[in-house]
Each structure stands twice: as structure tokens, then as C-alpha cells.
Amino acid sequence: MGDTILGPIDYLAVEWPGRHVTGEGFRLLMDLVDREIVRVLDLLFIAKAGDGTVSTVDVAEVEHSDALDERLWGLSSGLLDQSDIDEVAAAIAPGSLAGILVYENIWAVPMWTAIDRSSARLVGAGRIVAEDLIDALDSRNPA
């Protein structure tokens, strides 16, 4: 990729117990893609059978997959491997479906490009878990 500047890369793994998918999240994801806020790098679905057997599921077989633009069907950057599938599979209940989404936060690219142009350098980045923020705020304002 050379001098290409990328935004932060994140992932989400979402479980749908009983394989009950509403499609609302898919429509919101497509809105973010269409507004060029995120770029989807990987989208993979897995199912865990009642006996614990895990298999990949084609996006066309996912209920409400019509809410996902076909541009995302079969999308794979190569970042996800069997260990990722195994980790998500261990976290979901039998009879569930899970989606694994890897995405780039392209909203950050212009900011990071400006930092690069100004000869500054990014020396740290990270993610704060939402529960940690809530706990920190709660500890500052005891009830």
C-alpha cells in the first residue's frame, strides 16, 4: 500500500440468539457505508447448531440479507482467520447466528492525512470500552 493512509480498523461480532435477525442493524450499517463514514473490509456469518457444530453461512441465507447491499456480499480482506471464527463461536449460544464485521473508520482519513502533511506524527490511539467510561463518570458523581 505504500504511502496510503488508512483510518482506524475495528471489528464487531454480533450474536443473534435463535437466528432472529431484524435487519435494522444492516440498514444502519449501509447508511454508514453510503455516507463514507466506514468501509467494510470483512463480513462473515457463522451459525452454531444445537450440537455445537459451527459453520459459515452465506450472506444470501441470512434473514433480512436484502438490507445489505450486494457490494458487501462475500467481502473478505483476509484479516479474519479460523482463530477469529473459533473465538466468536465459543462466545455464542447453540442455535445462534453471529456476524463478524471488520471495518475501516474512513471518517478519520482526512484528519490523519492533515497530521501527516504537517510533519506531526500520531503517537497513540486506542479504544475506551463504553462500560469503563460509564464507571468513571459514575465514580465522579456518586448517587
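These lines cover the structure that appears in this document, whether it is placed above or below. Worth saying up front: this structure is predicted, and the values here are computed from it rather than measured.

## Describing the overall build of the protein
Scanning the protein from N- to C-terminus turns up four helices and four strands. Moving toward the C terminus, one meets the helices and strands of the protein in the order β-α-β-β-α-β-α-α. Here the C-alpha coordinates of the protein stretch approximately 55 × 50 × 30 Å along the principal axes. Counting every position in the protein, which comprises 143 residues, the buried fraction comes to 29%.

## Considering the nonpolar core
Counting 20 residues, the largest nonpolar core has F26, L29, F45, L68 and L97 as its most contacted members. Counting residues per element, the ones that place at least two in this core are α1 (24–34), β2 (39–48) and β4 (97–104). Excluding residues within four positions of it along the chain, L68 makes contact with F26, L29, M30, L43, F45, V59 and W73. I85, I92, A98 and I100 belong to the second largest nonpolar core, which has seven residues in total.

## A closer look at a nonpolar patch on the surface
On the surface, L6, I9 and L79 cluster together into a nonpolar patch covering about 250 Å² of accessible area. Structurally, L6 is set in the segment before β1 (9–16).

Each value, and the rule that gives it
- Residues numbered from 1 in each chain as written.
- Predicted model: local features only at pLDDT ≥ 70, side-chain atom pairs only at ≥ 80, totals over all residues.
- Heavy atoms only, no water.
- Helix = DSSP H or I, 4+ residues; strand = E, 2+ residues; numbered from the N terminus.
- Buried < 20%, exposed > 50% of the residue type's maximum accessible area, 1.4 Å probe, protein only.
- Core = buried A, V, L, I, M, F, W, Y, C linked by side-chain atoms within 4.5 Å.
- Contact = heavy atoms within 4.5 Å.
- Patch = residues over 30% accessible without salt bridge, like charges linked within 9 Å, V, L, I, M, F, W, Y side chains within 5 Å.
- Areas by Shrake-Rupley, 256 points an atom, 1.4 Å probe, with all protein chains shown as cover.
- Salt bridge = Lys/Arg side-chain N within 4 Å of Asp/Glu carboxyl O.

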